[in-house]
Amino acid sequence: MLRTRSVIIITLALLACTEAPEPAPCGSACRDAECAGDACVGTDASPDANTDMMVVADVSIPEPDVGPADVGESDAQHAADAGPPPGPVDRERSLVWIDPAIVDDPEMVSLARTMSAASDDRHGGRLFDWTLRRFGTTPFSVREDQANIADELRTTLGPDPSTWDLTQAPFIVTAVHLRIDLAGEQHCGEFRVSFSTTHAVVQPFHLIFLFSMVPQPESGDCYSHAVRLARLSEMTHADFLVAARELLDEHLTPERFIIMETGEFTFFPWEWRQWVRVQNTDPETVAALPFVLENPRLFQTVDAEGLNRGGARTRAFLSWVAENAAAINARTILIPEEFRPRFATAPTAIPRTPVSLYDLDPAISWRYPDLRKNLEIIGCPVCHTADAEFVQTNADRTFSEFYDKELDARAEFLDTWVQTRRRSAVPFGPLQRDPVLPD
Ligand code: HEC
């Protein structure tokens, strides 16, 4: 069943992770709490000596989970009510929606709907204004162009963001992504909505909102949800649109909101961030905006730049790699929080600097020749560049090479699951066999 936490405690260092003394790992910073994705989640946190800010958000959120599914788990015992499995899935029905009847209809899906779900006032204008400006005030990376969009919205939509009609903001829905392949212990995968700005100058700038899919109430398992998604493939177009609307209404809600992510090149170089809900500590805005979005350490991304500098943190990292080489190579292990950055970048004209495993025991490197590549492909900048041109769903709703192949792998995964009632093991990162790995 879906597990939720009544309290989320997130400790954030105000200084760059590469410059500040390192905060303790999630486990020790949060003591009895747990690490969920990028946040410390639990009920009994204590501030760590090295963190500058502790934020306690009294919200109930599902644990983000993009981890491996249970290996070979059988759902057969729960699936009696799901009916016979349908035929082969159609990618653009059961896995990704780019149908204009959905993505161009603001009643179906829009920035107004996703921001409403992410915010406390159930409108989202204030939070959107705040977030656009936050890009320019984070101490570890300053990007000022997003604030220009906020300034322009104040001119075109009015001085008070809480009254903005966000469907008029310069953003289009690029796709809705049904990530049933991420079904795990915590939820049945993620329901995602991606956007691109249409702004003439502040470009390219992409956002994606992640919502949790949960077990079907009647069966309590993910198999029947998988069947529900697979069945979208066999419907008439009219029935499909009705079912899509139901799924959107069900998922674009505050209870389902997990996290927002951005990928943008408004300034050199390309940069990726995650944005998680935390309590607002700014006395001037807290009354109107009790919760805001801040950047946690990036899920499954190694801080190549920081770790290449050497020192105690690098030594700890290399010990961790040596101890877990088999699992790292198989992409089945969580990267500890202390080895992850708050933002990640990729250059455009020069080669990316990979994380160095130069000082690793040569016997380990010999045994796992793709160790470094498998470690890096599960992180934001590498997966978005190894077989993609920075973006996976382009503004014109075409897909990267990576995503195109990934959709085929997800179709096969869903087909196998609904037909055999057995879910194959899913590693972190690419699902496709033999993905293009980074140089
Ligand atoms: C294993 C590959 C992979 C990794 C790792 C990855 N992404 Fe993506 N990303 C994708 C794919 C594929 C999509 C298309 C939607 C989907 O499949 O969920 C996507 C979509 C996006 C989008 C929407 C714009 C676009 O490029 O289509 C953003 C923003 C984004 N990801 C940010 C991130 C961030 C931030 C991280 C790191 C925490 C990250 N991604 C890690 C593959 C990846």
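Just above, that's the structure.
Predicted, not measured: the structure shown is a model, and the values here were computed from it.

Peer 1: Could you give me a rundown of the overall build of the chain, with the residues and numbers involved?
Peer 2: Helix and strand counts for the chain stand at 15 helices and 14 strands. A burial count over the chain gives 46% of its 439 residues as buried. In the chain, once contacts between residues fewer than 6 apart in sequence are set aside, the share between residues at least 24 apart is 70%.

Peer 1: Residue-level account of unusual backbone geometry, with values.
Peer 2: With an omega of -25°, the peptide bond running from Gln 203 to Pro 204 counts as cis. Its place among the elements puts Pro 204 in the loop between β9 (188-197) and β10 (205-212). The backbone phi angle of Arg 331 is positive, close to 60°, even though this residue is not glycine. Within the element layout of this structure, Arg 331 appears in the loop between α11 (325-330) and β14 (344-346). Residue Arg 421 is not a glycine yet carries a positive backbone phi of 65°. Along the chain, Arg 421 falls in the segment after α15 (401-420). Take Arg 421: there are 19 C-beta atoms within 10 Å of it, and that puts it in the partly exposed class.

Peer 1: Quick one: what's the story with the environment of Leu 132, residue by residue and with numbers?
Peer 2: Mapping Leu 132 onto the fold places it in helix α5 (residues 125-134). With 15 residues separating them along the chain, Leu 132 and Ala 147 place their C-alpha atoms 5.3 Å apart. The residues touching Leu 132, leaving out its near neighbours within four places in the chain, are Gln 146, Ala 147, Ile 149 and Ala 150.

Peer 1: Quick one: what's the story with the site of the ligand, residue by residue and with numbers?
Peer 2: In the vicinity of the ligand, 28 residues are found, and the nearest of them are His 206, Gly 263, Cys 380, Cys 383 and Gln 392. Partitioning the shell around the ligand into residue classes produces 11 nonpolar, 12 polar and five charged.

Peer 1: Provide a residue-level description of the pairing of strand β8 (residues 171-183), including the pertinent values.
Peer 2: Counting buried positions along β8 yields 12 of 13 residues, so the element is predominantly enclosed. In terms of strand pairing, strand β7 (residues 96-97) meets β8 through two bridges, oriented antiparallel. Bridging across to β8, Val 96 finds its partner in His 177. Bridge count between β8 and β9: nine bridges; the pairing is antiparallel. Of the residues in β9, the one forming a bridge with His 177 is Arg 192. Taking the residues between adjacent antiparallel strands as the criterion, β8 and β9 are bridged by four residues.

Peer 1: Give me the lowdown on α15, citing residues and values where you can.
Peer 2: Taking 1.5 Å of rise per residue, 20 residues should cover 28 Å, and α15 covers 29 Å from first to last C-alpha, within 8% of that figure. Burial in α15 covers these residues: Phe 402, Tyr 403, Glu 406, Arg 410, Phe 413, Leu 414, Trp 417 and Val 418. Taken around the axis of α15, the buried residues stretch over an arc of 115°, which confines them to a single face. Arg 421 sits one or two positions beyond α15 and adopts a positive phi of about 65°.

Peer 1: Can you explain the nonpolar core? Please cite residues and give values.
Peer 2: Membership of the largest hydrophobic core comes to 67 residues, with the highest contact counts inside it found for Phe 209, Ala 226 and Leu 414. No other element matches the eight residues that β8 contributes to this core. Excluding residues within four positions of it along the chain, Ala 226 makes contact with Ile 180, Leu 414, Trp 417 and Val 418. Grouped together as the second largest cluster of nonpolar side chains are 13 residues, Val 302, Val 321, Phe 339 and Val 355 included.

Peer 1: Kindly report on helix α7 (residues 223-231), identifying the contributing residues and their values.
Peer 2: Here α7 lies mainly inside the structure; nine of its nine residues are buried. Within the sequence span of α7, burial applies to Tyr 223, Ser 224, His 225, Ala 226, Val 227, Arg 228, Leu 229, Ala 230 and Arg 231.

Peer 1: Tell me about the packing of α7 against α15, and please be specific about residues and values.
Peer 2: Across the interface, α7 lies against α15 with an axial gap of 10 Å and an inter-helix angle of 120°. With respect to each other, α7 and α15 are oriented oblique. Two packed elements cross with a definite hand, and for α7 against α15 that hand is left-handed. Mapping the contact onto sequence places Ala 226, Val 227, Leu 229 and Ala 230 in α7 and Leu 414, Trp 417 and Val 418 in α15. Split into classes, the residues belonging to the contact of α7 with α15 amount to seven nonpolar, no polar and no charged.

Peer 1: Residue-level account of the environment of Gln 216, with values.
Peer 2: Considering the arrangement of structural elements, one finds Gln 216 in the loop between β10 and α7. Overall, the presence of 19 C-beta atoms within 10 Å leaves Gln 216 in the partly exposed class. On a C-alpha basis, the gap between Gln 216 and Ala 226 in space is 9.6 Å, while along the polypeptide they are 10 residues apart. If near-sequence neighbours (up to four positions away) are discounted, Gln 216 is found in contact with Ser 224, His 225 and Arg 228.

Conventions adopted
- Residues numbered from 1 in each chain as written.
- Predicted model: local features only at pLDDT ≥ 70, side-chain atom pairs only at ≥ 80, totals over all residues.
- Helix = DSSP H or I, 4+ residues; strand = E, 2+ residues; numbered from the N terminus.
- Buried ≥ 20, exposed ≤ 12 C-beta atoms within 10 Å, placed from the backbone.
- Contact = placed C-beta atoms within 7 Å.
- Near = placed C-beta within 6 Å.
- Nonpolar A, V, L, I, M, F, W, Y, C, P; charged D, E, K, R; others polar.
- Pairing = 2+ DSSP bridges.
- Expected span 1.5 Å × (residues − 1).
- Arc of directions from axis to C-beta.
- Core = buried A, V, L, I, M, F, W, Y, C linked by C-beta atoms within 7 Å.
- Axes fitted to C-alpha atoms, helices over the stretch in contact; angles between N-to-C directions.
- Parallel < 35°, antiparallel > 145°, perpendicular 65-115°, else oblique.
- Left-handed = near helix turned anticlockwise from the far one by under 90°.

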